[in-house]
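Each chain, written out:
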2 protein chains.
Amino acid sequence: MKDFVRKSGIRYMSDKQSAIGVFDSGLGGLTAVKQLKKILPDEKFIYFGDTGRVPYGTRSFETVNQYADDDMRFLLGFDIKAAIIACGTVSAVALDNLQKKFPLPIVGAIEPACIAAAQRTKNGNIAVFATPATIGKNSFATTLCGINPDLSVSSVACPMFVPLIEAGYIDVDCPVTRLIAREYLEKLQNADIDTLILGCTHYPIIKDLVASCAKELFGRDIEIIDSGYESALAAKKMLLQKDLLTDLDGQGSVQYFVSDETQNFSAVASIFLGEAAQNVTKVTIG
Amino acid sequence: MKDFVRKSGIRYMSDKQSAIGVFDSGLGGLTAVKQLKKILPDEKFIYFGDTGRVPYGTRSFETVNQYADDDMRFLLGFDIKAAIIACGTVSAVALDNLQKKFPLPIVGAIEPACIAAAQRTKNGNIAVFATPATIGKNSFATTLCGINPDLSVSSVACPMFVPLIEAGYIDVDCPVTRLIAREYLEKLQNADIDTLILGCTHYPIIKDLVASCAKELFGRDIEIIDSGYESALAAKKMLLQKDLLTDLDGQGSVQYFVSDETQNFSAVASIFLGEAAQNVTKVTIG
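Every value quoted in this text rests on a predicted model; they were computed, and no experiment measured them. (Residues numbered from 1 in each chain as written. Chains lettered and ligands numbered in written order. Predicted model: local features only at pLDDT ≥ 70, side-chain atom pairs only at ≥ 80, totals over all residues. Heavy atoms only, no water.)

1. Digging into the interface of chain A and chain B
Each partner contributes residues to the interface: chain A has 28 residues there, and chain B has 28 residues. Taken together, the two surfaces of chain A and chain B that pack against each other cover about 1900 Å², and 52% of this comes from carbon and sulfur. For A:Glu62, the salt bridge identified is with B:Lys282, shortest N-O distance 3.4 Å. Run the count over chain A and chain B and you get 10 residue pairs in polar contact (both at pLDDT 80 or more). (Contact = heavy atoms within 4.5 Å. Buried area = accessible area lost by both parts, 1.4 Å probe. Salt bridge = Lys/Arg side-chain N within 4 Å of Asp/Glu carboxyl O. Polar contact = N/O pair within 3.5 Å; in protein donor to acceptor, adjacent residues only side chain to side chain.)

And the structure:
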């Protein structure tokens with residue numbers, strides 16, 4: 001055991017061979033798991049999707065904080081060395097509280113994407129697509145301006161993307177999702193953006209559709225930032241810095257836990273994961 | 001006090017002046033409240049919207065049963081003489097259990113709509129639009145065939161209607177909602193229907209849009225059944241039969257309780273209610 005920390009009365013021990021906890025309000029975090037498996041193939045992951053209480057994006061801040069606390073306590077029931085919040089809403093609303101309360105390293109879904117966007121923009125005009133709760137909390141804009149106060153940030157709440165993606169309207173040619181994407185992009189018509197952050201873990205599923213609609217509307221390519229991919233890269237960097245990367249090869253695995261029926265989860269999970277989800281267990285939360 | 005019943009250990013007392021409890025997974029039930037206020041203007045209503053745990057339509061049957069039980073116990077904390085389940089999903093999944101467990105008269109959202117549809121169809125071909133959970137439970141089809149085994153019933157799960165309505169895509173000309181409605185209606189192309197039940201309390205909000213798309217597609221008018229309106233009529237009939245209608249004039253009122261922030265509720269409630277919701281209180285449930 002490498003670390004032993006006591007904070008807010010919570011004991012926490014871990015070593016290189018401990019797992020990495022990942023949680024999301026539901027299924028979206030699986031896009032992060034897909035990236036994590038690629039970037040950290042030898043690590044063990046414990047995924048918790050709060051499918052019984054999804055979506056968080058339309059809940060009050062108070063409720064999101066309570067749910068995030070429940071979710072983190074669930075993950076801490078396992079031997080984990082770090083946690084990744086694969087949920088834009090929780091990262092926006094509850095990350096500070098979680099980092100104060102729990103002793104382990106926690107990577108959110110916002111800062112890594114903001115750092116990438118600030119590095120890649122050429123004209124300094126960045127847009128953020130996220131759920132209403134994430135946009136309401138203004139976290140992407142605040143984080144981007146903290147990185148570079150000269151950046152100009154346009155935020156657009158996209159309440160229809162999650163239901164569209166979960167209902168399978170994800171083909172690049174889907175007329176319904178293109179209409180909605182164009183509606184959101186039209187709000188950026190005068191912002192002269194060159195970089196767009198997809199600030200919800202669901203949205204990478206329709207990354208190509210958004211890119212195609214943006215090109216159609218703006219007549220040029222827009223750099224699209226996938227917050228799940230950037231979080232996975234940031235998690236690897238952080239584990240490397242803390243000397244917490246596993247030194248065992250070929251031991252990589254994912255265990256999935258959900259708070260509603262596992263059949264529903266398994267059926268939709270393949271959209272997000274790009275493969276079937278094995279080892280799915282239903283648990284009671286909160 | 002007129003009634004005193006003990007069933008499953010639950011005490012229950014009420015008289016004509018008691019209130020009527022109404023619950024829904026969230027906001028949709030407000031379309032039923034709107035009809036109830038018209039049809040029973042002198043009654044007192046206690047409305048509970050489980051906005052902290054909405055939507056129920058994508059949950060497992062087990063979870064819906066648990067939530068419905070919580071909701072009914074909350075309403076029974078008030079002096080109520082009857083309960084109306086203004087939620088297609090709960091009516092489909094949990095009504096039988098609730099009627100077995102709780103001693104008061106309970107009106108669901110399915111049987112009244114089915115009786116109305118069976119009376120109004122001329123060619124016996126009826127369609128049902130509802131959430132995936134309601135369709136999965138097959139309750140409308142079972143109920144319709146129980147009323148008249150010669151009816152032919154086509155069921156279509158409509159997962160996109162609730163998010164579209166809650167995001168305000170409700171204008172009769174809205175291109176996105178028309179595309180989705182046409183997609184659902186096209187599944188009925190060979191069914192020769194003359195009657196369509198809107199089996200979710202959200203759907204009456206887009207009744208005119210659905211009617212217009214149906215006429216466009218089928219080239220004729222379709223009889224559209226609003227399950228909230230039919231439930232309100234059925235509730236009045238049942239209270240009359242049991243001599244439980246209030247005999248006081250001008251005492252009508254509605255008290256609203258929700259399980260998430262009241263601001264969100266008040267903002268969207270006017271879409272459903274056709275007026276602002278007064279007397280909204282947040283409560284903890286479950």
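That was the structure; now back to the text.
2. Observations concerning the pairing of strand β3 (residues 19–24) of chain B
All names here are of chain B. Across the six residues that make up β3, a large majority, six, are buried. Going residue by residue along β3, you find Ala19, Gly21 and Phe23 tucked away on one face and Ile20, Val22 and Asp24 tucked away on the opposite face as well. Inspection of the sheet shows β3 paired to strand β5 (residues 80–85) by five bridges, in the parallel sense. The residue bridging Phe23 from the neighbouring strand is Ile85, located in β5. Where β3 meets strand β4 (residues 44–49), five bridges bridge the pair, whose relative direction is parallel. Note that in β4 the partner of Asp24 across the bridge is Gly49. Handedness of the β3-helix α1 (residues 29–39)-β4 crossover: right-handed. (Buried < 20%, exposed > 50% of the residue type's maximum accessible area, 1.4 Å probe, protein only. Helix = DSSP H or I, 4+ residues; strand = E, 2+ residues; numbered from the N terminus. Pairing = 2+ DSSP bridges. Right-handed = clockwise from strand over helix to strand, strands pointing away.)

3. Remarks on helix α6 (residues 139–147) of chain A
Listed in full, the buried residues belonging to α6(A) are A:Ser139, A:Phe140, A:Ala141 and A:Leu144. Where α6(A) is buried, its residues touch α3 (88–101), α4 (111–120), β7 (125–130), α5 (132–137), β8 (152–157) and β9 (195–198) of chain A.

4. A look at the sheet that holds strand β6 (residues 106–107) of chain B
Residues and elements named next belong to chain B. Strand order in the open sheet formed by six strands is β6-β5-β3-β4-β11-β12, with parallel pairing between adjacent strands. Two strands in the sheet have a free side with no partner beyond their single neighbour: β6 and β12 (280–282). Strands β3, β4, β5, β6 and β11 (253–258) of the sheet are contacted by helix α2 (residues 61–75), whose axis makes an angle of about 155° with β3. (Axes fitted to C-alpha atoms, helices over the stretch in contact; angles between N-to-C directions.)

5. Looking at the relation of the copies chain A and chain B
Note on the identical chains: chain A maps onto chain B by a rotation of 180° and an axial translation of 0.0 Å, with an RMSD of 0.0 Å. Overall, the copies show the geometry of a two-fold rotation axis. Interface overlap between copies: 100% of the residues of chain A at the interface are likewise at the interface in chain B, consistent with a symmetric, same-surface contact. (Least-squares fit on C-alpha atoms with pLDDT ≥ 70 in both.)

6. As for the environment of B:Val153
Note that B:Val153 resides in strand β8 (residues 152–157). Between the alpha carbons of B:Val153 and B:Val128 there is a distance of 7.4 Å; along the sequence they are 25 residues apart.

7. Section: the packing of α4(A) against α6(A)
All names here are of chain A. Between α4 and α6, the least distance of the axes is 9 Å, while the angle of their chain directions is 50°. Accordingly, the angle class assigned to the pair α4 and α6 is oblique. In terms of crossing hand, the pair formed by α4 and α6 is right-handed. Seen from α4, the contacting residues are Glu111, Ala113, Cys114, Ile115, Ala117 and Ala118; seen from α6, they are Phe140, Thr143, Leu144 and Ile147. (Parallel < 35°, antiparallel > 145°, perpendicular 65-115°, else oblique. Left-handed = near helix turned anticlockwise from the far one by under 90°.)

8. Quick notes on the pattern of salt bridges
All names here are of chain A. What the rule picks out here adds up to 32 salt bridges over all chains. With a shortest N-O distance of 3.8 Å, Lys16 and Asp247 are connected by a salt bridge. Placement of Lys16 in the loop between β2 (10–14) and β3 (19–24) and of Asp247 in the loop between α10 (227–241) and β11 (253–258) is noted, with a sequence separation of 231 residues between them. On the basis of relative accessibility, which here comes to 22%, the residue Lys16 falls in the partly exposed class. Each of Asp50, Arg53, Asp70 and Asp71 takes part in a single network of salt bridges with overlapping partners.

9. Examining the domain arrangement of chain A
All names here are of chain A. Segmenting chain A into domains produces domain 1 (2–108 + 229–282) and domain 2 (110–227). In this structure, domain 1 and domain 2 have C-alpha centres spaced 23 Å apart. Residue-level contacts link 24 residues of domain 1 with 23 residues of domain 2. For the pairing of domain 1 and domain 2, the buried interface totals around 1800 Å² over both sides, and the portion due to carbon and sulfur atoms is 62%. (Domains from an automatic or database assignment.)

10. Considerations on the side chain of A:Thr89
Residues and elements named next belong to chain A. Inspection of the secondary structure puts Thr89 in helix α3. The exposure class of Thr89 is buried, given its relative accessible area of 3%. Not counting residues within four places of it along the chain, the set of residues in contact with Thr89 comprises Tyr56, Gly57, Val64, Thr131, Ala133 and Thr134.

11. Section: the packing of aromatic side chains
Enumeration over the complete set of coordinates arrives at 20 aromatic pairs over all chains. Here A:Phe161 and A:Tyr203 contribute two aromatic rings whose centre-to-centre distance is 5.2 Å and whose plane-to-plane angle is 80°, an arrangement assigned as edge-to-face. Here A:Phe161 is found in helix α7 (residues 161–166), whereas its partner A:Tyr203 is found in the loop between β9 and α9 (207–218), with 42 residues between them in sequence. Residue A:Phe161 is classed as buried on the basis of its relative accessible area, which comes to 0%. Pairwise contacts between aromatic rings join A:Phe48, A:Phe74, A:Phe78 and A:Phe257 into one cluster. It is B:Lys137 that lies over the ring of B:Phe61; its NZ or CZ is 5.3 Å from the centre. (Phe/Tyr/Trp six-rings, centres within 6.5 Å; stacked < 30°, edge-to-face > 60°. Lys NZ or Arg CZ within 6 Å of the ring centre and 35° of its normal.)

12. What to know about unusual backbone geometry
Residues and elements named next belong to chain B. Although it is not a glycine, Asn138 adopts a positive phi angle of roughly 65°. Among the secondary structure elements, Asn138 is positioned in the loop between α5 (132–137) and α6 (139–147). Assessed through its relative accessible area of 38%, Asn138 is described here as partly exposed.

13. Some remarks on the sheet that holds strand β6 (residues 106–107) of chain A
Residue and element names in this part refer to chain A. What the six strands build is an open sheet, ordered β6-β5-β3-β4-β11-β12; its pairing is parallel. Edge positions in the sheet fall to β6 and β12 (280–282), since each has one partner strand and no second. Sheet strands touched by helix α2 (residues 61–75): β3, β4 (44–49), β5 (80–85), β6 and β11. Its angle to β3, the strand with the most contacts, is close to 155°.

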